[in-house]
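# Secondary and tertiary structure notes
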Amino acid sequence: MRRRAADFRRPVKRRFSNVFWFTLCGLAVLFFILVLSRESGPRSKPPMSKRAYKQERIMEGLNITEEMLSPNSVTRQLSDQISLAKAFVVIAKESNNLQFAWELSAQIRNSQILLSNAATRRTPLTISESETAVRDMALLLYQAQQLHYDSATMIMRLKAKIQSLEEQMNSVSEKSSKYGQIAAEEVPKGLYCLGLRLTNEWFKNANLQRKSRDRKHVEMKLKDNSLYHFCVFSDNILATSVVINSTATNSKYPEKVVFHIVTDEVNYPPMKAWFSLNNFKGMTIEVQKIESFSWLNASYVPVLKQLQDSETKNYYFSGNLDNGQTPIKFRNPKYLSMLNHLRFYIPEVFPALKKVVFLDDDVVVRKDLSDLFSVDLNGNVNGAVETCMETFHRYHKYLNYSHPLIRSHFDPDACGWAFGMNVFDLVEWRKRNVTGIYHYWQEKNVDRTLWKLGTLPPGLLTFYGLTEPLDPSWHVLGLGYTNVDPQTLEKGAVLHFNGNSKPWLKIGMEKYKALWEKYVDYSHPWLQQCNFH
């Protein structure tokens, strides 16, 4: 009985053990399945990356550069056809074949729409969708060839078109230069009005004339070499006033400044009236007229001698000598104006002075200039700012180096410099007979073969080897024709509106006008009466 009981209990014990192990195995299987399901996430990414890769390849296929470079590209074929068709449209219109030009233009639009749609949907053009457009365009291009719109014809017609456009451009450029020159030479109504009113005031106001004559205390200053002497030669009242007012405003010692103005007989009364009626911080101002210099005559001055020559008059004032081939800027009569050439006679104009600073009437003074009078010129006559930062401001730009006289005496790469703000040592000038050098070159250029225009070329010859370079900040040029670097502008002591776009003209450069107008008192009753604003 006990053995059976014992035997009976053993099977029960084994059954429990099997259930346990089956359960454990099931759990293990479930755990394994769970692990596999978690690992399946990363393994599902490769198909996604493959799809993304295909999309990137499609996008790369849409790159217009690759499309255009591919020899099998439909896009390239259509683009080439469009370019050729556009050229044919121009020729068809010139041949008055407007119907054919319209057909070409319509087909060009169709092809452009295809290219635009392909770019919008971001898929390349297929052969099937572009076949009709390519075939229709090819037929029209073939028709163009049958109409003798071939490459040779196109080249000839395009050359003719280019030549025609160049002729038109030269004509427009010449007219622009001519009209610009005329605009630059005009006297604004306001200036004309101011001159008339001041002239009237001068002749009717006896007290004003008496005040101008009764200046014995001034006479000593005009010859005192311990003072700062400036000279301006001009027939422009307002421009000269700006030069003097800007100098006075920025001068540390205005009472030590003496301005010598030389004008012509017409503008002498209004100049005298203006500078007698207005005070410029105690500066001494002298006004002379060029006609009062008895030594300035044709027997002494080559320019005046040339003016008596009928051929010279014809060249400068009518332009008939060379059938109008010489550009108008070379025939500007101002280049024969004695006020323009008086700068070469400064020692004769001011015989008692030893050093002067010469200023053009189209400058604005922004800083004190008294230090210019202590600049060491190292035995030279002329102190000037050089302008040869670029090659076109060297001697060969201004002079005719095909002439043996120029070629044998002057280095073509010598550095040019600027008139407009110059320091002149008159002692050295007289010692070296600089005016005589100027006369020599003026007489050699009677036929205008050494240089064409202006006072700068004879100045370059006259002061060759006699010029001391000054710091560029003393004289900043270009405000009348070009853009100037703002930092250079800020450092400039004298700003020069050289060029046609003078600040008192309507054609003046707007962004620089304020620099000049700052020294014009528009509230002055005389200016208001003449509508200056």
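Look up a bit, the structure's there.
Residues numbered from 1 in each chain as written. Predicted model: local features only at pLDDT ≥ 70, side-chain atom pairs only at ≥ 80, totals over all residues. Heavy atoms only, no water.

## Topic: the pairing of strand E1 (residues 228–233)
Burial of E1 is extensive: 6 of the 6 residues sit out of reach of the surface. Here E1 shows a buried face lined by Tyr 228, Phe 230 and Val 232 and a second buried face lined by His 229, Cys 231 and Phe 233. Where E1 lies against strand E2 (residues 257–263), 6 bridges are found, and the strand directions are parallel. Counterpart to Cys 231 in the pairing with E2 is His 260. (Buried < 20%, exposed > 50% of the residue type's maximum accessible area, 1.4 Å probe, protein only. Helix = DSSP H or I, 4+ residues; strand = E, 2+ residues; numbered from the N terminus. Pairing = 2+ DSSP bridges.)

## Observations regarding empty space enclosed by the protein
A complete count under the given rule lists 2 cavities of 30 Å³ or more for this structure. Approximately 50 Å³ is the volume found for the second largest cavity. For the lining of the second largest cavity, the class distribution of residues is 4 nonpolar, 4 polar and 2 charged. (1 Å grid on protein atoms, 1.4 Å probe; cavity = no way out; pocket = protein on both sides within 12 Å on 5 of 7 lines; lining within 4 Å. Points joined across faces, edges and corners; volume = space filled by probe spheres on them. Nonpolar A, V, L, I, M, F, W, Y, C, P; charged D, E, K, R; others polar.)

## Overview of the nonpolar core
Grouped together as the largest cluster of nonpolar side chains are 60 residues, with contacts concentrated most on Leu 194, Phe 230, Phe 259, Trp 274, Phe 275 and Leu 359. The element contributing the most residues to this core is helix H11 (residues 237–250), with 7 residues. Once residues within four sequence positions are removed from consideration, Phe 259 is found in contact with Phe 230, Val 232, Val 243, Ile 244, Thr 247, Met 283, Thr 284, Ile 285, Glu 286 and Leu 359. Core analysis: the next-biggest nonpolar cluster, separate from the first, contains 45 residues, Val 262, Leu 296, Trp 451 and Phe 463 among them. (Core = buried A, V, L, I, M, F, W, Y, C linked by side-chain atoms within 4.5 Å. Contact = heavy atoms within 4.5 Å.)

## Digging into the pattern of salt bridges
Tallied over the entire structure, the rule returns 7 salt bridges. Between Lys 289 and Glu 265 there is a salt bridge, and its shortest N-O distance comes to 3.9 Å. Taken together, the residues span a long stretch of sequence, with Lys 289 in strand E3 (residues 284–289) and Glu 265 in the loop between E2 and helix H12 (268–277) at a distance of 24 residues. A relative accessible area of 25% places Lys 289 in the partly exposed class. What you see here is one network of salt bridges that share partners, running through Glu 428, Lys 431 and Arg 432. (Salt bridge = Lys/Arg side-chain N within 4 Å of Asp/Glu carboxyl O.)

## Brief notes about the packing of helix H8 (residues 189–204) against H12
It is the contact of H8 with H12, at a shortest axis distance of 8 Å, that shows an interaxial angle of 80°. One finds that H8 runs roughly perpendicular with respect to H12. Residues Leu 194, Gly 195, Leu 198, Thr 199, Glu 201, Trp 202 and Phe 203 of H8 form the contact with H12, whose participating residues are Pro 269, Pro 270, Lys 272, Ala 273, Trp 274, Ser 276 and Leu 277. When grouped by side-chain class, the residues that make up the contact of H8 with H12 number 9 nonpolar, 3 polar and 2 charged. (Axes fitted to C-alpha atoms, helices over the stretch in contact; angles between N-to-C directions. Parallel < 35°, antiparallel > 145°, perpendicular 65-115°, else oblique.)

## Re the pairing of strand E4 (residues 355–359)
With 4 of its 5 residues buried, E4 lies for the most part within the structure. In terms of strand pairing, E1 meets E4 through 2 bridges, oriented parallel. Across the sheet, Cys 231 pairs through a bridge with Phe 358, a residue of E4. When E4 meets strand E7 (residues 421–425), the two strands line up antiparallel, connected through 5 bridges. Following the sheet pairing, Phe 358 is matched in E7 by Asn 422.

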